[in-house]
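Each chain, written out:
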Amino acid sequence: MLLAGAGCLAAGLLPWPAFGELAERTVPILAFVVTMTVVTELVDDAGLFHVVTDRIAVLGRGSVLLLWVFVLALSVVSTAFLSLDTTAVLVTPMVVLLAVHAKIPPLPFALSTVWLANTASLFLPVSNLTNLLAQSSMSLSPVGFAKLMWAPATVGMVVPSLLLWLAFRRDLRGRYGPQPVHAAGDRTLLRASAGTLLVLLPALVSGIPVAVPAALAAGFLVAMFLLRRPSALRWSMLPWRPLMLTVGLFMVVETLHSQGLASVLSPAAGTGETFPDLLRLAVLGAGAANIANNLPAYLALEPAAGSPLRLGALLIGVNLGPLITPWASLATLLWHERLQSLNLRVRWGGYAVAGLVAVVLALPLAVLALWAGNGMP
């Protein structure tokens, strides 16, 4: 995809002024993605996520249902503050192994993380790359973004959770025994990682450009690991493949816009801010995300959105909607890779049907919550 974008630029299909504007807008966002990946990888290497899951196992008090509720809460918090990819890549194997060791069917736990990684990514700008792109167009602070999106984000959290409980309520009954505790290999690194997150999370919603605190946190953790465990620092921590894919998608979609894509999509997207207008845009975004991917779907439809309210509806479509096809969200593909490494198989046919039901129920309710919570024009 990166080669395709570079080819568009070299051939003149993507004008250099448009490329410059694109770079000015997206380079800080991509820098945030890279530095946050480093932070989460090092925090995981320090053992903090193991400590959290150990604590969840204790708080569950032997109740499978209560343990699952704590897994839902962990997935939501991880997604909201650390991004959906963190939940898909790091939280998923932790909770799946927790279920396996507790002799609980792992599928409800695995599906919970991937559904909430997508649907709970409406809360904050840092929850999803699409949100960061939308925030720059909305000209909203993180708090302003949260005020706009909290109601649909709540729907995106509650409705999928209820559906998962209905589908797996028999598996979520019963008790589990005491679970093994993971010993921290280096308590200094563990404390440094926990302290870094305690400082970083409020900084990400403070209004400071998110790339700044993320870069400072990454630099601090890299320095700590250089001193105490340099072998943990490796180039493979950097998200090379997703980064190249994302850059290429940015360039290809910008090329299409330069060639008149907006004029083609605008009639289908509509223009109003009534509930039917917002639902129309959200459904279009969800459909485009499941056909292609949520990132190009957002970029393609962004010019047709225009206002913060319509951008919010588009985010509902491209964030909450990608539950049907595996390629609709990069987080889903990363989640599937983790499951394969754990020898846990998912049937994509069943996944698609369950996801379709979730989207059909949750998406209109989320749009209704957005519309009702922002003046009902």
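Reading the values: the criteria
Residues numbered from 1 in each chain as written. Predicted model: local features only at pLDDT ≥ 70, side-chain atom pairs only at ≥ 80, totals over all residues. Heavy atoms only, no water. Helix = DSSP H or I, 4+ residues; strand = E, 2+ residues; numbered from the N terminus. Rg over C-alpha atoms; globule rule 2.2 N^0.38 Å. Buried < 20%, exposed > 50% of the residue type's maximum accessible area, 1.4 Å probe, protein only. Contact = heavy atoms within 4.5 Å. Areas by Shrake-Rupley, 256 points an atom, 1.4 Å probe, with all protein chains shown as cover. Lys, Arg positive; Asp, Glu negative; His and termini not counted. Charge placed at Lys NZ, Arg CZ, Asp CG, Glu CD. Core = buried A, V, L, I, M, F, W, Y, C linked by side-chain atoms within 4.5 Å. Salt bridge = Lys/Arg side-chain N within 4 Å of Asp/Glu carboxyl O. Polar contact = N/O pair within 3.5 Å; in protein donor to acceptor, adjacent residues only side chain to side chain. Patch = residues over 30% accessible without salt bridge, like charges linked within 9 Å, V, L, I, M, F, W, Y side chains within 5 Å.

Trainee: Quick rundown of the overall build of the protein chain? Include the residues and the values.
Mentor: Helix and strand counts for the protein chain come out as 17 helices and 0 strands. The C-alpha radius of gyration of the protein chain comes to 21 Å, within 12% of the 21 Å expected for a compact globule of 377 residues. Across the 377 residues in the protein chain, those meeting the buried criterion constitute 54%. Taking all contacts inside the protein chain whose residues are at least 6 apart in sequence as the whole, residues at least 24 apart take part in 80%. Summing over all exposed atoms, the protein chain offers an accessible surface of approximately 16,200 Å²; the carbon and sulfur share of this is 70%. Charge separation in the protein chain, taken as the distance between the mean sites of 20 positive and 14 negative side-chain charges, equals 15 Å.

Trainee: Please give an account of the nonpolar core that cites residues and values.
Mentor: Core analysis: the biggest nonpolar cluster contains 130 residues, and Phe-32, Phe-109, Tyr-298, Leu-315, Ile-316 and Trp-335 have the highest contact counts within it. When residues no more than four places from it in sequence are discounted, the contact partners of Phe-109 are Leu-67, Trp-68, Val-71, Val-95, Ala-99, Ile-104 and Leu-172.

Trainee: Explain the pattern of salt bridges residue by residue, including any values.
Mentor: Close approach of charged atoms allows side chains of opposite charge to pair. Within the structure shown, the criterion is met by 4 salt bridges. Here Arg-25 and Glu-302 are joined by a salt bridge, their closest N and O atoms 2.4 Å apart. Here the residue Arg-25 occupies a position in helix 2 (residues 16–45), and Glu-302 occupies one in helix 14 (residues 294–305), the gap between them amounting to 277 residues. Residue Arg-25 is classed as partly exposed on the basis of its relative accessible area, which comes to 27%. Between Asp-45 and Arg-229 there is a salt bridge whose closest N-O contact spans 2.6 Å. Of this pair, Asp-45 sits in helix 2 while Arg-229 sits in the loop between helix 10 (211–228) and helix 11 (240–258), and the two are 184 residues apart along the sequence. Since its relative accessible area comes to 29%, Asp-45 is described here as partly exposed. Judged by its relative accessible area of 21%, Arg-229 falls in the partly exposed class.

Trainee: Any chance you could break down the environment of Val-38 for me, citing the residues and the numbers?
Mentor: Relative to the helices and strands, Val-38 resides in helix 2. You can call Val-38 buried: its relative accessible area is 8%. Counting along the chain gives 335 residues from Val-38 to Gly-373, while the straight-line C-alpha distance between them is 36 Å. Non-local contacts of Val-38, meaning those with residues more than four positions away in its chain, are made with Ala-218, Val-222 and Leu-238.

Trainee: Would you mind going over the environment of Trp-327 in detail, with residue names and values included?
Mentor: Mapped onto the elements, Trp-327 comes out in the loop between helix 15 (308–320) and helix 16 (330–341). Separated by 38 residues in the primary sequence, Trp-327 and Ala-289 have C-alpha atoms spaced 8.5 Å apart. Setting aside chain neighbours within four positions, we find Trp-327 in contact with Asn-290, Ile-291, Ala-292, Asn-293 and Leu-333. A distance of 3.3 Å separates a polar atom in the side chain of Trp-327 from the backbone oxygen of Ile-291.

Trainee: Break down a nonpolar patch on the surface for me, citing the residues and quoting the values.
Mentor: A contiguous nonpolar surface patch, about 400 Å² in accessible area, is contributed by Leu-65, Leu-66, Val-69, Trp-165 and Leu-166. Contributing elements (two or more residues each) for the nonpolar patch: helix 4 (64–82) and helix 8 (142–168). If you tally residues by element for the nonpolar patch, the top one is helix 4, at 3 residues. Residue position: Leu-65 is located in helix 4. Overall, Leu-65 belongs to the partly exposed group, its relative accessible area being 36%.

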